[in-house]
Every structure is written in C-alpha cells, then in structure tokens.
Amino acid sequence: MGIFIRVVFLGALVLLPAVLAFGWDDVGHKTTAYIAWQRMSPTAREAVIKILRSAPEDSDISAYYMQSGSQPDETSKLEYFMLMATWADIVRERALENRYKKYHKSNWHYDDTFWKQVGNKPEILTGFEEGGVAVKKIIEFDKVLRGSAESDKDKALAIAWIEHLVGDIHQPLHTSARVTDLEPKGDQGGNLFLLTPQGTPREKQQNLHWFWDSIIGRNIPIKADTRGQEYITSVARTVMKKYPYSSLAPAVKLGEYEEWRKESFALNPTEVFSPDLIRFQTPSEKYKKKAFRIAERQLALAGYRLGETLNQIFGTPSTAAAVPVR
C-alpha cells in the first residue's frame, strides 16, 4: 500500500497518483501499529517482538530489526513493530523474486462485498467471483497465534499479516466492490472510480481508492526536517487525542472480525459514495473533511482492536492502560 521502500522509516513522504493502490499507505499502517503498541502490555510487547525475530529467514522479517545505541531498546522494538505492519506490502517488491513469489498474496488484502447503490443503501449482489479473503485469513492467523502446536516461525508470519490485514479491513474501500453500468464486474474498491477529468493521461490519474489510502499524509504533510518516526508519532498521538480509547472501547468487539468488516463496508453507501461525490471531479472540501475524520476514527479503532487482540493472546488486557505513550 503506497510506497514500498526497504528502509526502516520514511525519510520523506512521497505521494504519487496511481491507477491502482493497495490500501492504507505506510503512514496509515504505521499509525495503526503505533496505536496498537500503546494498548499492549509489556508482556504482550515482549512476546510479539521475540516471535517476530524468529521468522523464516527468507521472509526478511527478522532482518528488519535494528538495535541502535543512540536510542532506547524499547524505541527500537516499537519501530520494528510499526514497520512489520507494512511487511505484507514490502513483499510486493518484484526485485526479490523468490520472496515475492512465496509471500506476496494479493487477494489477502481485501474482502469485498459486491453491491449496487439504491439511494444511500446497498443492494447486495451475488454470483460474482471471489472478492478477497482478508477476514478468512485474519481468523486463520488468530488461530495460529493461539495454538500450542504451531512454530514461532509460523506465528511470526501470522503476526506480520494480522498487523497488516486488521488495518486493511478498516479502509472502507477494502470491503467494497460497487457495481454500476460502467463497472458491471465491480469497481475494484474504487480503483476504477476516477477523480480526474476524462482523458487524463494514465500516469496523472487519481482514483477514489488512492484518495482514501493517502488521506492522512495529504491532510497532515510531513515537514522536510522531520524524521519518519517523529512524524508517525505525531500523527498517531493526534488521532488518539481525537479518538481516545475510552470513546471507542464499546466498539472494539474483540474477535468479531466479520463484524469489523461489515462496519467498514457500511460506510461505503452513506459516506464514501455520498451524493456529493462526482465521477471525474475532485471531491469537494466538505467531502475531504468528512473523509479525513472517518479515516482518523478508522485508524484509531483498528489500532485499539489490534492492540487488545494481541493483549488477549499474549498479555494481560487489564495492564495495558498503564503503559505510557512513547
């Protein structure tokens, strides 16, 4: 999703228009991971990092862990955890062919419902090809992490994937395949819904999926002299301040993964494809503000759900609130 660069954190944020995009970009996924880390107990944190560092060598997961004498070990662990939320996108890099062939799974990143719009309500459609398996994979990885027979190598892959996929299904368009006369087989999560005028060259086109993927970075741009980690920390703390855990706790619904997907999907007919969104036109300022507000809440909710899920599996949920924000 977004920028796939093999460094620990962004030196600068580059946002490019794209015909196809892959879900929350690096900023979105790392923001969700940062929020999750704040909910995690020390026990859960240590268990997760230990397991990640036991990953299969050819996945490169363990190779990304960097200890530095210039920063506390706890900071290194946080940055590593955040980076692993993007590993499922890192393996899209075709240059490392063996890793790409073994670990890249394109249809794991979304879980679409096919539908057509009737007013501001969806009419669910059937008879289409598979619309992704994100929720199925989250359930499978949850079982792996809770199992006693699975190896730490398998659990490391499960952690990296579940970090990523929980974020993915909170991006509303990762749950949606809207069917129209122009897109009779579905709009591929808004990838076919263009926001640039008809006839715009392909390399300059912007679509609705890209608009939602990159929404945080466009609304909170990074400054030239800011480290990537400092930027993500600032973004995440801003999101947490607007949407504290106490305000979203009733919505966490641990383990109800299909319900999480349904809630995300429900945003499409009412908020994503609202009447003021017009094909081939830049969204209005009102739409942009609404979308940004929704995206912030979705990232916060994803982070809280991820953190509490990992607490439930590896730690003690009741101790999480006492862990300070770093």
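The following paragraphs examine the structure supplied in this document. All values derive from a computational prediction rather than experimental measurement.

Before going further, it helps to spend a moment on the overall build of the protein. Assigned secondary structure in the protein consists of 13 helices and three strands. Each of the 326 residues in the protein was classed as buried or not, and the buried ones make up 57%. For the protein, long-range pairs separated by at least 24 residues make up 73% of all intrachain contacts whose partners lie at least 6 apart in sequence. In the form shown here, the protein has an accessible surface area of approximately 14,400 Å², with 53% of it arising from carbon and sulfur atoms.

One pass over the structure, following the stated rule, counts 15 aromatic pairs. Look at Trp87 and Trp161: their rings are 6.0 Å apart centre to centre, the planes differ by 85°, and that puts the pair in the edge-to-face class. With a gap of 74 residues between them, Trp87 in helix H4 (residues 87-90) and Trp161 in helix H7 (residues 152-168) connect regions that are remote in the sequence. Take Trp87 and Trp161: they sit in the same class, and that class is buried. Taking the centre distance of 6.4 Å and the plane angle of 70° together, the rings of Phe211 and Trp212 count as edge-to-face. A residue is classified by how much of its surface remains accessible, and Trp212, at 0% relative accessible area, is buried. The ring of Tyr245 has Arg39 lying over it, and the distance from NZ or CZ to the ring centre is 3.7 Å. If you follow Arg218 out to its NZ or CZ, it ends over the ring of Trp210, 4.9 Å from the centre.

What follows covers the sheet that holds strand S2 (residues 121-124). Sheet architecture is open: three strands sit in the order S2-S1-S3, paired in mixed fashion. Unpaired on one side and paired on the other, S2 and strand S3 (176-178) mark the two borders of the sheet. The sheet shows a mean angle of 50° between the axes of neighbouring strands, taken without regard to direction. Direction of pairing for strand S1 (residues 113-118) relative to S2: antiparallel, over a ladder of four bridges. Across the sheet, residue Trp115 finds its bridge partner in S2, namely Ile124. The strands that helix H12 (residues 257-272) touches are S1, S2 and S3; relative to S1, the one it contacts most, it runs at about 30°.

A separate point is the nonpolar core. By size, the foremost hydrophobic cluster in this structure holds 88 residues, and its most contacted members are Ile61, Phe81, Trp87, Leu208, Phe211, Trp212 and Phe314. Considering each element in turn, this core owes the most residues, 14 residues, to helix H13 (residues 285-314). Filtering out sequence-adjacent residues up to four positions away, Trp87 remains in contact with Ser59, Ile61, Tyr103, Leu157, Ala160 and Trp161.

With that settled, the discussion passes to the pattern of salt bridges. Taken as a whole and judged by the stated rule, the model has 21 salt bridges. Ionic pairing is found between Glu79 and Arg227, a salt bridge with its closest N-O pair at 3.6 Å. With Glu79 in helix H3 (residues 73-84) and Arg227 in the loop between helix H9 (215-219) and helix H10 (228-242), the pair connects residues that are 148 residues apart, well separated along the chain. The buried category is assigned to Glu79, whose relative accessible area is 7%. Residue Arg227 is classed as partly exposed on the basis of its relative accessible area, which comes to 41%.

The next subject is the packing of helix H2 (residues 42-52) against H13. The geometry of H2 relative to H13 is characterised by a closest axis approach of 9 Å and an angle of 85° between their N-to-C directions. Overall, the two elements H2 and H13 adopt an arrangement that is roughly perpendicular. Here Thr43, Ala44, Ala47, Val48 and Ile51 of H2 lie close against H13, whose contacting residues are Leu310, Asn311 and Phe314. When its residues are assigned to classes, the contact of H2 with H13 shows six nonpolar, two polar and no charged.

Cut-offs applied
- Position numbers for residues start from 1 in each chain and track the written sequence from start to end.
- Predicted model: local features are reported for residues with pLDDT of at least 70 only, side-chain atom pairs are reported and counted for 80 or more only, and whole-chain, interface and lining totals are derived from all residues.
- Calculation of side-chain values draws on the structure's entire complement of heavy atoms; hydrogens and water are dropped beforehand.
- Segments assigned H or I by DSSP are reported as helices when at least four residues long, segments assigned E as strands when at least two residues long, and all are numbered from the N terminus.
- Exposure categories follow from relative accessible area, calculated using a 1.4 Å probe and restricted to protein chains: below 20% of the type maximum is buried, above 50% is exposed, and the middle band is partly exposed.
- Working rule for contacts: check all heavy atoms of both residues, and any pair within 4.5 Å makes them a contact.
- Here, Shrake-Rupley sampling with a 1.4 Å probe gives the accessible areas, and only protein chains in the shown set may cover a residue.
- Stacked, edge-to-face and tilted are the three classes for Phe, Tyr and Trp ring pairs, Trp counted by its six-membered ring, which pair at centre distances within 6.5 Å; planes under 30 degrees apart are stacked, over 60 edge-to-face, the rest tilted.
- For a Lys NZ or an Arg CZ to count as sitting over a ring, it must be within 6 Å of the ring centre and within 35 degrees of the ring normal.
- For two strands to count as paired, DSSP must find a minimum of two bridges between them.
- Only the contacting stretch of a helix is used when fitting its axis, a line to C-alpha atoms as for every element, and angles between N-to-C directions run 0 to 180 degrees.
- Only buried Ala, Val, Leu, Ile, Met, Phe, Trp, Tyr and Cys residues count toward a nonpolar core, and they belong to the same one when joined by side-chain atoms within 4.5 Å.
- Within this document, salt bridges are pairs made up of a side-chain nitrogen of Lys or Arg and a carboxyl oxygen of Asp or Glu, the two lying within 4 Å of each other.
- Convention used here: angles under 35 degrees read as roughly parallel, angles over 145 as roughly antiparallel, angles from 65 to 115 as roughly perpendicular, and any remaining angle as oblique.
- Residues are grouped as follows: Ala, Val, Leu, Ile, Met, Phe, Trp, Tyr, Cys and Pro are nonpolar; Asp, Glu, Lys and Arg are charged; every other residue, Gly included, is polar.

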